[in-house]
Amino acid sequence: IAVRAYGSGRTGGTNVSRALGRRVGILTGVVDFLKGMVAVLLARALFHDEAAAALAGAAAIAGHNWSLFLNFKGGAGGSTGGGALLALNPLAGAIVVPIFLVILVVGRYASVATLSIGFGSVVILTALWLVDPAKAPPAHLLFAFAALIMIAISLRPNIERLRKGTERRIEFKRT
């Protein structure tokens, strides 16, 4: 089955899970997470600069959401953003990523969980910056706001369905 011809047409873990099954969907989410993480770690290793690392994380989300190879279509950026956040600022990532997982499992709305990556990044990195600017450099804050904007843009149809009460929940039962 062609994933982009199924459901939302996105290439992220949720749609892959619905199209090809839970295991493939989870694997897709993990690979997307690692994509964000590797982009940040590679940029940091090559350039020794937090702005370059933050830009690489944001670029990974943009590339995931609007892939040049898929006619500017892709996923919503949550897993990629989570991986980038964890690599960029491990403390913020260690707070936001588990919140994402709890929202996903308890609420079962992938879109709400994905939005929590963007909102959580902004809230936690801003709080860290207010406590001690060295814990969240300005480049990290710019990454967070960019991530939130890109995720929210990608999830506009989902946000509208949430407002109308028609958004699909994730099913964790075996079918």
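Read on for an overview of the structure. (Residues numbered from 1 in each chain as written. Predicted model: local features only at pLDDT ≥ 70, side-chain atom pairs only at ≥ 80, totals over all residues. Heavy atoms only, no water.)

Glancing now at the nonpolar core. Counting 36 residues, the largest nonpolar core has Leu125 and Phe143 as its most contacted members. Sorting the residues of this core by element identifies α2 (22-47), α3 (50-65), α4 (78-88), α5 (90-107), α6 (110-131) and α7 (138-154) as the ones contributing at least two each. The contacts of phenylalanine 143, once residues within four sequence positions are left out, are Ala54, Gly57, Ala58, Ile61, Gly81, Ala84, Leu85 and Leu88. (Core = buried A, V, L, I, M, F, W, Y, C linked by side-chain atoms within 4.5 Å. Buried < 20%, exposed > 50% of the residue type's maximum accessible area, 1.4 Å probe, protein only. Helix = DSSP H or I, 4+ residues; strand = E, 2+ residues; numbered from the N terminus. Contact = heavy atoms within 4.5 Å.)

Okay, unusual backbone geometry next. In the Ramachandran plot, histidine 48 falls in the positive-phi region, its phi being about 50° despite a non-glycine side chain. Relative to the helices and strands, histidine 48 resides in the loop between α2 and α3. The class of histidine 48 is exposed, set by a relative accessible area of 69%. For asparagine 71, which is not glycine, the phi torsion reads 55° and is therefore positive. Here asparagine 71 lies in the loop between α3 and α4. The class for asparagine 71 is exposed, based on a relative accessible area of 64%.

What follows covers the pattern of salt bridges. Summed over the entire model, instances satisfying the criterion amount to five salt bridges. We note a salt bridge from arginine 163 to glutamate 160, for which the minimum N-O separation is 4.0 Å. Placement of both arginine 163 and glutamate 160 in helix α8 (residues 156-164) is noted, with a separation of three residues, approximately one turn of the helix. Judged by its relative accessible area of 69%, arginine 163 falls in the exposed class. (Salt bridge = Lys/Arg side-chain N within 4 Å of Asp/Glu carboxyl O.)

A few words now on the packing of α5 against α6. Axis separation between α5 and α6 bottoms out at 9 Å; the angle between their running directions is 155°. Accordingly, the angle class assigned to the pair α5 and α6 is roughly antiparallel. Considering how the two elements wind past one another, α5 and α6 form a crossing that is right-handed. Contacts between α5 and α6 involve Leu91, Ala92, Ile95, Val96, Phe100, Ile103 and Leu104 on the former and, on the latter, Ala110, Val112, Ala113, Thr114, Ser116, Ile117, Gly120, Ser121, Ile124, Leu125 and Leu128. Here the contact of α5 with α6 is composed, by residue class, of 14 nonpolar, four polar and no charged. (Axes fitted to C-alpha atoms, helices over the stretch in contact; angles between N-to-C directions. Parallel < 35°, antiparallel > 145°, perpendicular 65-115°, else oblique. Left-handed = near helix turned anticlockwise from the far one by under 90°. Nonpolar A, V, L, I, M, F, W, Y, C, P; charged D, E, K, R; others polar.)

What follows concerns the side chain of threonine 80. Along the chain, threonine 80 turns up in helix α4. Residue class for threonine 80 comes out buried when judged on its relative accessible area of 0%. A polar contact is formed between the side chain of threonine 80 and the backbone oxygen of aspartate 32, at a distance of 3.2 Å. Not counting residues within four places of it along the chain, the set of residues in contact with threonine 80 comprises Asp32, Phe33, Lys35, Gly36, Ala60, Ile61 and His64. (Polar contact = N/O pair within 3.5 Å; in protein donor to acceptor, adjacent residues only side chain to side chain.)

At their nearest, the axes of α4 and α7 sit 11 Å apart, and the two run at 175° to each other. Relative to α7, α4 is oriented roughly antiparallel. In contact with Gly78, Gly81, Ala84, Leu85 and Leu88 of α4, α7 contributes His140, Phe143 and Ile151. Within the contact of α4 with α7, the residues separate by chemical class into five nonpolar, three polar and no charged.

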